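# Reading the structure
The residues making up each chain are set out below.
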Amino acid sequence: MSVKVEVIEGGTPHNTILITGLLGTLVCLYLTYLNVLTNTEMFAFFGGLAAIIALIWGSHTIKVLCSYGIGTGVPSAGMIAFGSGVIAMLFATRFGILAPIVALVLAAVIGFILGYISNNILNMKIPAMVQALTEMAAVGALSLMGFAALITGGFTFEGLTTGTVSMLGMTISSNQISFIGGGLIAVAFLLGAIAIQHPFNATLGPGWKQDRMLMLTAECGFLSMIVAAVMSFALISAGSAILSLIIAIAGWAYTYNQYIDLSKRDAAAWLDAKPIPDTEGH
Amino acid sequence: MSAVAAKPQAGGAMNPAAMAVGVVMLIILVGIGYAISPGLGLTALIGIIIGGVLIGFGTHFVPVGGAPAAMGQAPGIATGVAMLAAGAGLAGLFGGAWAAEQGLVVATVTGGVGGGLLMAITCMMVNFVYVFGMGIPSASGKVAKDPITGDTQAEFKSQGTEGHGLPFISFVGGVIGGFLGGAGGTLIYVQLLELYEASLPAMMGLPPAQVVPIAVAAAGMFAVGLFLVNAVLTAYNITGTIEGPHDPKFKRWPRAIVASAVASAMCGLVAILIVVPM
């Protein structure tokens with residue numbers, strides 16, 4: 001019944017992005033497991049990269065879904081992605097090394113049922129709905145797990161609920177200073193939700209270009225990763241956190257410049273107006 | 001969504017077969033809940049389902065105008081359903097969380113008052129901006145007379161618009177919607193908090209006082225997640241904009257009840273599974 005208002009012209013097909021995003025996210029998540037094998041926290045930054053790859057995949061899924069006028073605005077898609085993703089992710093952390101796989105499968109099941117509810121019970125009748133909500137829940141769960149790995153260095157329930165606090169030279173274990181107990185998960189939730197919903201909302205319209213939107217997603221992802229890397233100072237060693245922060249800032253600077261270049265390419269005209277006029281020569 | 005985007009023609013039609021499937025799924029999910037945790041878990045699951053249904057039903061009352069309302073061409077608050085519902089629900093949730101130790105009824109009512117208060121302030125300030133900022137009177141396009149005050153609407157409505165501003169009935173609807181949403185969100189939070197505080201110490205092998213931060217944060221995150229899922233599903237049900245309880249789209253609420261119940265049961269079951277020993 002619904003009308004598809006925009007078609008994907010050129011660019012990478014969605015299935016390629018889906019498979020690349022899925023594999024890239026899982027590989028990066030498992031690379032953070034090197035932390036356990038080598039007994040360091042140096043590899044936490046792979047969690048941030050996993051989150052960014054998942055976000056790039058998710059923003060293209062939002063594009064596929066919102067090409068059909070769903071009438072509720074693009075941000076709602078990001079909200080349902082993380083709302084259903086956080087539930088799957090929290091449960092999956094119980095499974096130790098299997099956590100990313102369990103999160104993926106469980107989120108896909110939740111997303112599939114939500115898609116069925118939307119399409120059939122709520123009578124949306126949008127062809128891409130079931131697949132899009134399935135992917136979106138998986139993206140939400142995996143990118144939250146990525147942020148969790150970035151901030152804590154791991155993705156197990158034990159690691160996310162316990163931390164250490166130094167007091168008068170003694171190190172004691174505390175549940176307050178942890179990813180879940182300290183409420184960092186709420187910040188990670190919104191960092192991801194904003195990064196996933198913004199790109200298509202900002203670039204949609206007749207001049208939509210796939211590479212520009214995906215570059216914007218990467219830029220938003222690195223911006224979120226900067227904040228998450230700053231938060232990781234509380235939970236992992238300073239050296240590892242600085243490494244994450246440097247990677248995040250370098251990635252953000254690169255993608256930001258690329259995005260500005262792509263925007264100049266797609267703009268009809270470009271006037272380099274300066275926000276503050278030169279006052280020299282007065 | 002571009003401005004020329006065609007709205008889906010979902011309409012108000014019910015799909016009886018899918019509704020039946022939904023009810024069967026609900027029964028199966030509650031059955032699984034009973035099988036894995038007959039006592040505390042089942043109570044929590046039922047509380048979560050009631051909370052989810054309250055959120056889904058309450059969202060129908062909130063006057064959502066979207067982009068047309070921002071231009072003064074449709075009545076309602078100028079943003080999306082998901083944003084408004086999340087705002088009201090989270091405000092209620094924060095209000096209710098303070099009262100969580102005072103028992104279920106006090107906490108739920110406090111949460112409802114928090115959500116209703118947020119919607120009342122939002123509606124009032126929105127009307128200030130409409131009337132004194134944009135210079136438009138409040139008029140509904142869907143009904144000839146306001147069902148509460150009996151004021152006629154047509155002579156205040158500009159030609160070519162669907163009405164504008166926030167008529168009295170929409171204001172009242174917003175407050176009721178905020179109350180139901182806030183109460184539902186708090187109910188979910190309190191149920192999960194009780195469950196986690198009771199079962200986490202044994203699971204993690206820690207004294208009860210030490211798991212409180214984890215119980216609070218996990219229950220809060222699950223409540224936020226459930227809230228967003230229910231709010232977005234309701235947004236899909238009303239496809240964008242609604243004026244309030246007098247809008248013809250309001251009659252679609254039975255679909256949202258079934259959808260919210262199934263979605264809450266499924267997500268609630270996962271939230272309960274996290275503390276079930278394996």
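Note that the structure is predicted; figures quoted are calculated from it, not measured.

Time to look at the overall build of chain B. Secondary structure assignment for chain B yields 8 helices and 2 strands. For 278 residues, the compact-globule formula gives about 19 Å, and the C-alpha radius of gyration of chain B, at 20 Å, lands near that figure. Across its three principal axes, chain B shows a C-alpha extent of roughly 70 × 40 × 35 Å. Per-residue burial for chain B yields a buried fraction of 55% across its 278 residues. Long-range pairs, those at least 24 residues apart, make up 72% of the contacts in chain B with a sequence separation of at least 6. By element, 73% of the accessible surface of chain B is carried by carbon and sulfur atoms, the whole surface being about 10,600 Å². Taking the average location of the 8 positive side-chain charges in chain B and that of its 9 negative ones, the two points are 15 Å from each other.

One finds A:Leu114, A:Ile117, A:Phe179, B:Tyr196 and B:Tyr236 to be the most contacted residues of the largest nonpolar core, which totals 151 residues. It is helix 7 (residues 208-237) of chain B that provides the largest number of residues to this core, a total of 18 residues. When residues no more than four places from it in sequence are discounted, the contact partners of B:Tyr196 are B:Pro201, B:Ala215, B:Ala218, B:Ala219, B:Phe222, B:Ala271, B:Ile274 and B:Val275. Ranked by size, the runner-up nonpolar core spans 16 residues in total, among them B:Val62, B:Tyr130, B:Ile238 and B:Ile242.

This next bit is on the interface of chain A and chain B. On the chain B side, the residues contacting the 51 residues of chain A number 55 residues. With both chains or domains summed, chain A and chain B bury close to 4,600 Å², and 78% of this area falls on carbon and sulfur atoms. Ranking the residues of chain A by area buried against chain B places A:Arg94, A:Ile121 and A:Leu122 at the top, with a combined share of 15%. Where chain A meets chain B, there are 0 salt bridges. Our enumeration of links across chain A and chain B arrives at 4 residue pairs in polar contact (both at pLDDT 80 or more).

Residue and element names in this part refer to chain B. The N-to-C vectors of helix 7 and helix 8 (residues 253-273) enclose an angle of 155°; their axes lie 10 Å apart at closest approach. Taken together, the axis directions place helix 7 and helix 8 in an arrangement best described as roughly antiparallel. Regarding helix 7 and helix 8, the two cross each other, and that crossing is right-handed. In this structure, helix 7 contributes Phe222, Leu226, Val229, Asn230, Leu233, Thr234 and Asn237 to the contact, and helix 8 contributes Trp253, Arg255, Ala256, Ala259, Ser260, Ala263, Ser264, Cys267, Gly268 and Ala271. Looking at the contact of helix 7 with helix 8 residue by residue, the class counts come to 10 nonpolar, 6 polar and 1 charged.

What follows deals with the pattern of salt bridges. Residue and element names in this part refer to chain A. Tallied over the full model, the rule gives 4 salt bridges over all chains. For Arg265, the salt bridge goes to Asp211, with nearest N and O atoms at 2.9 Å. Linking Arg265 in helix 10 (residues 238-266) with Asp211 in helix 9 (residues 210-232), this pair joins segments that are 54 residues apart in sequence. The salt bridge involving Asp266 is made with Arg265; its shortest N-O contact spans 2.8 Å. Residue classification places Asp266 among the partly exposed residues on the basis of a relative accessible area of 24%. Within this structure, Asp211, Arg212, Arg265 and Asp266 form a network of salt bridges that share partners.

Residue and element names in this part refer to chain A. One non-glycine residue with positive phi stands out, namely Asn39, at about 60°. Looking at the secondary structure, you find Asn39 in the loop between helix 2 (34-38) and helix 3 (45-66). Of note, the phi angle at Asn123 is positive, near 60°, even though the residue is not glycine. The topology assignment puts Asn123 in the loop between helix 5 (99-121) and helix 6 (129-152). Judged by its relative accessible area of 3%, Asn123 is buried.

A few words on a nonpolar patch on the surface. A contiguous nonpolar patch, built from B:Leu117, B:Ile121, B:Met124, B:Met125, B:Phe128, B:Val129, B:Val131, B:Phe132 and B:Met134 and spanning about 870 Å² of accessible area, is present on the exposed surface. By the secondary structure assignment, B:Val129 is in helix 5 (residues 104-134).

This brings us to the packing of aromatic side chains. The tally for this structure, following the rule as stated, stands at 13 aromatic pairs over all chains. Both rings, one in A:Tyr30 and one in A:Phe155, keep their centres 6.2 Å apart while their planes meet at 90°; by these two values the pair is edge-to-face. Of this pair, A:Tyr30 sits in helix 1 (residues 14-31) while A:Phe155 sits in the loop between helix 6 and helix 7 (157-161), placing them 125 residues apart in sequence. Classification of A:Phe155 as buried rests on a relative accessible area of 2%. For the pair B:Phe57 and B:Trp253, a centre-to-centre distance of 5.4 Å together with 70° between the ring planes defines the contact as edge-to-face. Of this pair, B:Phe57 sits in helix 2 (residues 40-59) while B:Trp253 sits in helix 8; the two residues are 196 residues apart in sequence, bridging distant segments of the chain. Put simply, the rings of B:Phe57, B:Phe61, B:Phe250 and B:Trp253 touch in pairs and so form one group of aromatic residues. Here the guanidinium or amino end of A:Lys63 rests over the ring plane of A:Trp208, the centre of that ring lying 4.3 Å away.

Moving on: the environment of B:Ala69. Residues and elements named next belong to chain B. Along the chain, Ala69 turns up in helix 3 (residues 66-70). Residues Ala69 and His164, 95 residues apart in the sequence, show an inter-C-alpha distance of 6.8 Å. Among residues more than four places away in sequence, those in contact with Ala69 are Ala74, Pro75, Gly76, Ile77, Ala78 and Tyr130.

Rules used in this analysis
Residues numbered from 1 in each chain as written. Chains lettered and ligands numbered in written order. Predicted model: local features only at pLDDT ≥ 70, side-chain atom pairs only at ≥ 80, totals over all residues. Heavy atoms only, no water. Helix = DSSP H or I, 4+ residues; strand = E, 2+ residues; numbered from the N terminus. Rg over C-alpha atoms; globule rule 2.2 N^0.38 Å. Buried < 20%, exposed > 50% of the residue type's maximum accessible area, 1.4 Å probe, protein only. Contact = heavy atoms within 4.5 Å. Areas by Shrake-Rupley, 256 points an atom, 1.4 Å probe, with all protein chains shown as cover. Lys, Arg positive; Asp, Glu negative; His and termini not counted. Charge placed at Lys NZ, Arg CZ, Asp CG, Glu CD. Core = buried A, V, L, I, M, F, W, Y, C linked by side-chain atoms within 4.5 Å. Buried area = accessible area lost by both parts, 1.4 Å probe. Salt bridge = Lys/Arg side-chain N within 4 Å of Asp/Glu carboxyl O. Polar contact = N/O pair within 3.5 Å; in protein donor to acceptor, adjacent residues only side chain to side chain. Axes fitted to C-alpha atoms, helices over the stretch in contact; angles between N-to-C directions. Parallel < 35°, antiparallel > 145°, perpendicular 65-115°, else oblique. Left-handed = near helix turned anticlockwise from the far one by under 90°. Nonpolar A, V, L, I, M, F, W, Y, C, P; charged D, E, K, R; others polar. Patch = residues over 30% accessible without salt bridge, like charges linked within 9 Å, V, L, I, M, F, W, Y side chains within 5 Å. Phe/Tyr/Trp six-rings, centres within 6.5 Å; stacked < 30°, edge-to-face > 60°. Lys NZ or Arg CZ within 6 Å of the ring centre and 35° of its normal.

That is the geometry; function is a separate question.
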